[in-house]
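Observations on chain architecture
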Amino acid sequence: MSKSLQAIRGMNDILPEQTPLWRYFEGTVARLLDNYGYRQIRMPIVEFTELFKRSIGEVTDIVEKEMYTFDDRNGDSLTLRPEGTAACVRAVLEHGITGGGQVQKLWYVGPMFRHERPQKGRYRQFHQIGLEVFNLEGPDIDAELIVMTWRLWGELGLRDAVKLELNSLGTSESRGRYREALVEFLSGHVDKLDEDSQRRLKTNPLRVLDTKNPETQAILVDAPKMADYLDDESRAHFEGLKARLDAVGIPYVINPKLVRGLDYYSKTVFEWVTDKLGAQGTVCAGGRYDGLVEQMGGKPTPGVGFAMGIERLVLMLEALDKVPEELARQIDVYLCAFGEAAELAALALSERVRDQLPNLRLQINAGGGSFKSQFKKADKSGALYALILGDDELAQQVVGFKPLRGQGEQQSIAWDALAAHLATCVVQG
Ligand code: ATP
Ligand code: MG
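Summarised in this report is the structure supplied together with it. (Residues numbered from 1 in each chain as written. Chains lettered and ligands numbered in written order. Predicted model: local features only at pLDDT ≥ 70, side-chain atom pairs only at ≥ 80, totals over all residues. Heavy atoms only, no water.)

**Details of the sheet that holds strand E13 (residues 362-364)**
In space, the five strands of this open sheet follow the order E13-E12-E14-E15-E16, with mixed pairing throughout. Where the open sheet ends on each side, the last strands, each with one partner, are E13 and strand E16 (411-414). Shown here is a sheet whose adjacent strand axes are inclined to one another by a mean of 30°, direction ignored. Here four bridges tie strand E14 (residues 385-389) to strand E15 (residues 398-403), and the two strands are oriented antiparallel to one another. Across the sheet, the residue bridging to Leu387 is Phe401, located in E15. Across the sheet, helix H12 (residues 340-356) is in contact with strand E12 (333-337), E13, E14 and E15; its angle to E13 comes to roughly 165°. (Pairing = 2+ DSSP bridges. Helix = DSSP H or I, 4+ residues; strand = E, 2+ residues; numbered from the N terminus. Axes fitted to C-alpha atoms, helices over the stretch in contact; angles between N-to-C directions. Contact = heavy atoms within 4.5 Å.)

Dropping the structure here:
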């Protein structure tokens, strides 16, 4: 196929074999969030470039090298969203829905775009489910976010495969003092740092803690620790969070090097990580960003949120064999009809049955065909039962009812009794 007719590298089609699993995952998360009192918000996929520069920060991987940025026809610089928080903050400010301390508990789902090196679990168009809470500053809400994800892992059967890493970055004051101490320490070792870290030391020194370079990691062993620089307020907040996780019995490890890639975090930061996906181990990440709304031109507004990567979680469900069996079957009943008159009767009958059983998954044969070919299609559809309507059945106002999996003889069922009969043998979701 010519190159122009292929999808862009790192941007994937999600084919029909895959979509049931996606919908199961998204549906499970949506129901959970509804049940905890979160409401969905939908933002555009494209925003002014300036929005991301201002919120994510100029000296981050995303803004420096990962954004899909282009000029609109009228010369505005636009960017495909690389994450959801910036647009969500823009939206709440634009519509004034966090004014006067109004609490908002919001979630969103959709594609994000980053120009990264595509590999397993890392794509250029990927999908996140994220949430943001505004105007709640205590550790109780940070804990709720984590408790909800813990419940989600439970529902999906993933609890044993994920680990919670936790850290506190403190208030901006305590983070500022820590940054100074870290810069002073690292400046004494600057010639031994890798190139990236030397650059970050000048632009975004906390990110040096994130390094994958073993020599830099060795130097960091003796670096000052964030925990020693937390002020009383940050410390109390962190303790409050840990107490709540302990109360629910959620295990965690404190990772003092967890700083997150984005500039805007304060106090709580956390990641759910797995060792089941190779290098792309973070499946859900988030934290508190009390300074962000003000930085974007709003009144001081505490905020906290997280985002999870749907591709990585879908990969995990597959890798750990946690795909629910019932997803394999998309249809319960396949209705075969032979001849014009029987087809008309079959259509009318199927609509009557759907009226009575709105959740029945019934596929009616299309395109005609011999008995043999329709039966083959019925079998291939995965349906549990075939219904058969030919001239004889039409004359007697019955359908043939044939189990396709396992035993059971074909029987004749009156049209009027069909819905009631199906209700007894098809489990309806
Ligand atoms: P990573 O360290 O893996 O690059 P990140 O810190 O850049 O992740 P966030 O911006 O916090 O990621 O996004 C939240 C989640 O979105 C990640 O934990 C991950 O599950 C998912 N994610 C991020 N980037 C990608 C990508 N390029 N492809 C697939 N999923 C991604
Ligand atoms: Mg990244």
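That shown, we press on.
**Quick look at the sheet that holds strand E8 (residues 253-254)**
Think of a sheet as strands paired side by side through backbone hydrogen bonds, with each pair either parallel or antiparallel. On the basis of which strands lie adjacent, the open sheet formed by eight strands has the order E1-E5-E6-E11-E10-E9-E7-E8 and mixed pairing. Either end of the sheet is taken by a strand with one partner, and the two such strands are strand E1 (39-40) and E8. Where strand E10 (residues 282-288) meets strand E11 (residues 303-309), five bridges bridge the pair, whose relative direction is antiparallel. Opposite Ala285, over in E11, you have Ala307 as the bridge partner. Strands strand E5 (104-113) and strand E6 (125-134) of the sheet are contacted by helix H4 (residues 85-94), whose axis makes an angle of about 45° with E6. Across the face of the sheet, helix H9 (residues 232-248) comes into contact with strand E7 (163-168), E8, strand E9 (266-273) and E10 while running at roughly 160° to E7.

**A look at the packing of aromatic side chains**
A full pass over the atoms with the stated rule returns eight aromatic pairs. Taken together, a centroid distance of 6.1 Å and an interplanar angle of 15° make the contact between Trp150 and Trp272 stacked. Pair noted here: Trp150 is in helix H5 (residues 139-156) and Trp272 is in strand E9, with a separation of 122 residues, a long-range link. Judged by its relative accessible area of 13%, Trp150 is buried. (Phe/Tyr/Trp six-rings, centres within 6.5 Å; stacked < 30°, edge-to-face > 60°. Buried < 20%, exposed > 50% of the residue type's maximum accessible area, 1.4 Å probe, protein only.)

**Thoughts on the pairing of E7**
A large share of E7 lies buried, amounting to five of its six residues. Strand direction decides the pairing type here: E7 and E9, joined by six bridges, are antiparallel. Along E9, the bridge assignment pairs Leu164 with Trp272. In terms of strand pairing, E7 meets E8 through two bridges, oriented parallel. Bridge pairing in E8 places Glu165 opposite Val253.

**Section: the packing of helix H1 (residues 19-35) against helix H11 (residues 310-319)**
In the contact formed by H1 and H11, the axes pass within 10 Å of each other and the chain directions differ by 110°. As far as their axial angle goes, H11 and H1 are roughly perpendicular. Here H1 runs over H11; the crossing is right-handed. Contact residues: H1 offers Leu21, Trp22, Tyr24, Phe25 and Glu26, while H11 offers Ile310, Glu311, Leu313, Val314, Leu317 and Glu318. Residues that form the contact of H1 with H11 fall into these classes: eight nonpolar, no polar and three charged. (Parallel < 35°, antiparallel > 145°, perpendicular 65-115°, else oblique. Left-handed = near helix turned anticlockwise from the far one by under 90°. Nonpolar A, V, L, I, M, F, W, Y, C, P; charged D, E, K, R; others polar.)

Interpretation in functional terms is not warranted from these geometric data alone.
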